[in-house]
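Reading the structure
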Amino acid sequence: MGVLNVTPDSFSDGGQYFEPARALERAEQLIAEGADILDVGGESTRPGSAEVGAEEEIRRVVPLVAALAGRVSVPLSVDTTKARVAREALAAGAEIINDISGLRFEPALADEAARAGAALVLMHSRGTRETMHTLPPVADALAEVTESLRASVAEAERRGVARTRIAVDPGIGFGKSQEQNVELLARLDLFAAAFPDLPVLVGTSRKRFVGALLGGAPVDERLHGTMATVTAAVLRGAGVVRVHDVRAAVDTVRVADAIKAAGGGV
Ligand code: HH2
């Protein structure tokens, strides 16, 4: 899954693809590099980022989704927590909604996914937009992530989303300590085993915990570290990896998949 942030302030690519023509060009580049899904985001979730109203998010995301839907063959995902944005994006041709709140912010988002027969990614996070990066970490991250996402999956199904249309994501970097981010990757097989029938999505790309493991590497020096996390995630059961650097990730996943197929997985 290739990331296409059409925001002025995303932590690693903010402002770069805010212009519609640049965004289309970038989308085509990500597909040429081998992305199987594009994830379009109109609101940054990085610590300290500004909240965007539904109108503005729709203005950023929906025309791009409509333009892409007519041009590309890969499924389009929209990274949003808002039911209205989801509705309009699905009407414009998106097929997947990626909700970093796991339906905690606007449970009605699941109604939109259900109505459209869309797929739904439920990511674990805690707290509100304002507090999710500053809450003290819980004692047992794996238990918290698993229990919370069980509730998210149940809510989605209660609102009519078919279980076969749901994927789960432990939400690396969202309200977890440095150690917990590493631990969640190390124990991803246990997380995957808690949802044996659902695909697991993992997003580690260029995140701060990778920089910290590399002694404080800035965002543009986290590529190799990110690919190590992609390898670990694939070997432990991730079915989808959300990345900015698609070219590198495609090669990494191909090799990791081969090692896994030869019995090297967990
Ligand atoms: N991480 C980010 C955003 N959306 N969605 C899922 N499913 N999983 C993730 O780990 C995830 C996500 C944060 O990264 P990014 O989009 O690069 O930055 P920003 O939130 O600043 O736009």
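Residues numbered from 1 in each chain as written. Predicted model: local features only at pLDDT ≥ 70, side-chain atom pairs only at ≥ 80, totals over all residues. Heavy atoms only, no water.

Okay, the site of the ligand next. Around the ligand, the surrounding shell holds 18 residues, and the nearest of these are Ser10, Ser44, Thr45, Asp169 and Lys207. The separation between an oxygen atom of the ligand and a polar side-chain atom of Thr45 is 2.5 Å. Here an oxygen atom of the ligand and a backbone polar atom of Gly203 are 3.2 Å apart. Across the complex, the protein chains shield 98% of the 480 Å² of accessible surface that the ligand would expose by itself. Structurally, the ligand is housed in the largest pocket. Here the residues of the shell around the ligand sort into six nonpolar, seven polar and five charged. (Near = heavy atom within 4 Å. Polar contact = N/O pair within 3.5 Å; in protein donor to acceptor, adjacent residues only side chain to side chain. Areas by Shrake-Rupley, 256 points an atom, 1.4 Å probe, with all protein chains shown as cover. 1 Å grid on protein atoms, 1.4 Å probe; cavity = no way out; pocket = protein on both sides within 12 Å on 5 of 7 lines; lining within 4 Å. Sits in = over half its atoms within 2 Å of the grid points. Nonpolar A, V, L, I, M, F, W, Y, C, P; charged D, E, K, R; others polar.)

What follows covers the packing of aromatic side chains. The tally for this structure, following the rule as stated, stands at one aromatic pair. Consider the rings of Phe191 and Phe195, whose centres lie 5.4 Å apart with planes at 55 degrees: the pair is tilted. Taking the relative accessible area as the measure of exposure, Phe191 reaches 1% and is therefore buried. Owing to a relative accessible area of 2%, Phe195 belongs among the buried residues under this scheme. One cation-aromatic arrangement involves Arg150 over Phe195; the distance from NZ or CZ to the ring centre is 5.9 Å. (Phe/Tyr/Trp six-rings, centres within 6.5 Å; stacked < 30°, edge-to-face > 60°. Buried < 20%, exposed > 50% of the residue type's maximum accessible area, 1.4 Å probe, protein only. Lys NZ or Arg CZ within 6 Å of the ring centre and 35° of its normal.)

What follows is about helix H1 (residues 20-32). The end-to-end C-alpha separation of H1 is 18 Å, in line with the 18 Å expected for 13 residues at 1.5 Å each. Ala23, Leu24, Arg26, Ala27 and Leu30 are the residues of H1 that are buried. Down the axis of H1, the sector holding all buried residues measures 165 degrees, keeping them to one side. Opposite its buried face, H1 presents the exposed residues Ala21, Glu25 and Ala32, each directed more than 90 degrees away. Where H1 is buried, its residues contact strand E1 (2-5), strand E2 (38-41), helix H2 (54-69) and helix H10 (246-264). Looking one or two places after H1, you find Gly34, whose phi comes out positive at around 115 degrees. (Helix = DSSP H or I, 4+ residues; strand = E, 2+ residues; numbered from the N terminus. Expected span 1.5 Å × (residues − 1). Arc of directions from axis to C-beta. Contact = heavy atoms within 4.5 Å.)

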